[in-house]
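Residue-level structural notes
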Amino acid sequence: MDALVDCGGCTSCCQFCNVPPFQSIEELMEQTDLPNNIRDPIIRYWATLNAVPSPGPCVWLQGGFCVHWEQRPRICRDFEIGGEMCRLYQQMTQEVNDG
Ligand code: SF4
Ligand code: SF4
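Our subject in this report is the structure included herewith. Bear in mind the structure is a predicted one, so any value in this text is a computation, not a measurement. Here the residue numbers are simple positions, counted from 1 along each chain's written sequence. As a convention, the first chain written is A and the first ligand written is 1, with the rest following in written order. Two thresholds apply to this predicted model, a pLDDT of at least 70 for residue-level local features and 80 or more for giving and counting side-chain atom pairs, whereas whole-chain, interface and lining totals are computed over all residues.

Take the overall build of the protein chain next. Here a helix means four or more residues in a row that DSSP labels H or I, a strand means two or more in a row labelled E, and each is numbered from the N terminus. Counting secondary structure elements, the protein chain contains four helices and two strands. Moving toward the C terminus, one meets the helices and strands of the protein chain in the order α-α-β-β-α-α. The C-alpha atoms of the protein chain give a radius of gyration of 14 Å, which matches the 13 Å a tight globule of 99 residues would have. Overall, the C-alpha framework of the protein chain stretches about 35 × 35 × 25 Å when taken along its three principal axes. The burial criterion counts other C-beta atoms lying within 10 Å of a residue's C-beta, which is placed from the backbone; the residue is buried at 20 or more, exposed at 12 or fewer, and partly exposed between these limits. Out of the 99 residues belonging to the protein chain, those deemed buried represent 12%. Only C-alpha atoms enter the radius of gyration; for comparison, a globular chain is expected to reach 2.2 Å times N to the power 0.38, where N is the number of residues.

Once that is clear, we can look at unusual backbone geometry. You will see that T11, though not glycine, has its phi angle at about 65°, which is positive. Here T11 shows up in the segment before α1 (25-30). Look at N18: it is not a glycine, yet its phi comes out positive at around 65°. Relative to the helices and strands, N18 is located in the segment before α1. In this structure N18 comes out as partly exposed when scored by C-beta crowding, with 17 C-beta atoms within 10 Å.

One full turn of an α-helix is made of 3.6 residues, so residues set three or four places apart face in the same direction. End to end, helix α4 (residues 84-98) covers 21 Å across 15 residues, agreeing with the expected 21 Å (1.5 Å per residue, within 8%). Burial runs low along α4: only zero of the 15 residues are buried. Of the residues one or two after α4, G99 is the one with positive phi, at around 75°. Between the first and last residue of a helix there are one fewer steps than residues, each counted as 1.5 Å, and that sum is the expected span.

Take the environment of Q23 next. Note on placement: Q23 falls in the segment before α1. Separated by 30 residues in the primary sequence, Q23 and P53 have C-alpha atoms spaced 20 Å apart. If sequence neighbours within four positions are ignored, Q23 has contacts with P73 and I75. Any two residues are considered in contact once their C-beta atoms, placed from the backbone, lie within 7 Å.

To continue, consider the nonpolar core. Note on terminology: a nonpolar core is any set of buried Ala, Val, Leu, Ile, Met, Phe, Trp, Tyr and Cys residues joined through C-beta atoms within 7 Å. If you look at the biggest cluster of nonpolar residues, it comprises five residues: C13, C14, C17, C58 and W60. If near-sequence neighbours (up to four positions away) are discounted, C17 is found in contact with P55 and C58.

Laid out in structure tokens, this is it:
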């Protein structure tokens, strides 16, 4: 399945997490086929979380696609297209775009 193919290029729910929203180090380490140079920046981000100034797009979102779709976090897999959170993220994106 292509990344975000059912979302018409929306990507709103990927715009505010900065890094892939794995819920724990254990969940991240379950993705055993992720090389260290992909995994390490996420761990470094967690270590400096208090210093992160503001939410921004997930680093795995590139060119409108999740570039590690097969390894994406569970919360991304379970996200309901058209659900309440989907609509909320679209509204948040609209507000950011409107300035
Ligand atoms: S906010 Fe909804 S429509 Fe937009 S990318 Fe996420 S799931 Fe798809
Ligand atoms: S891991 Fe992929 S699907 Fe999840 S927020 Fe990042 S770009 Fe979006």
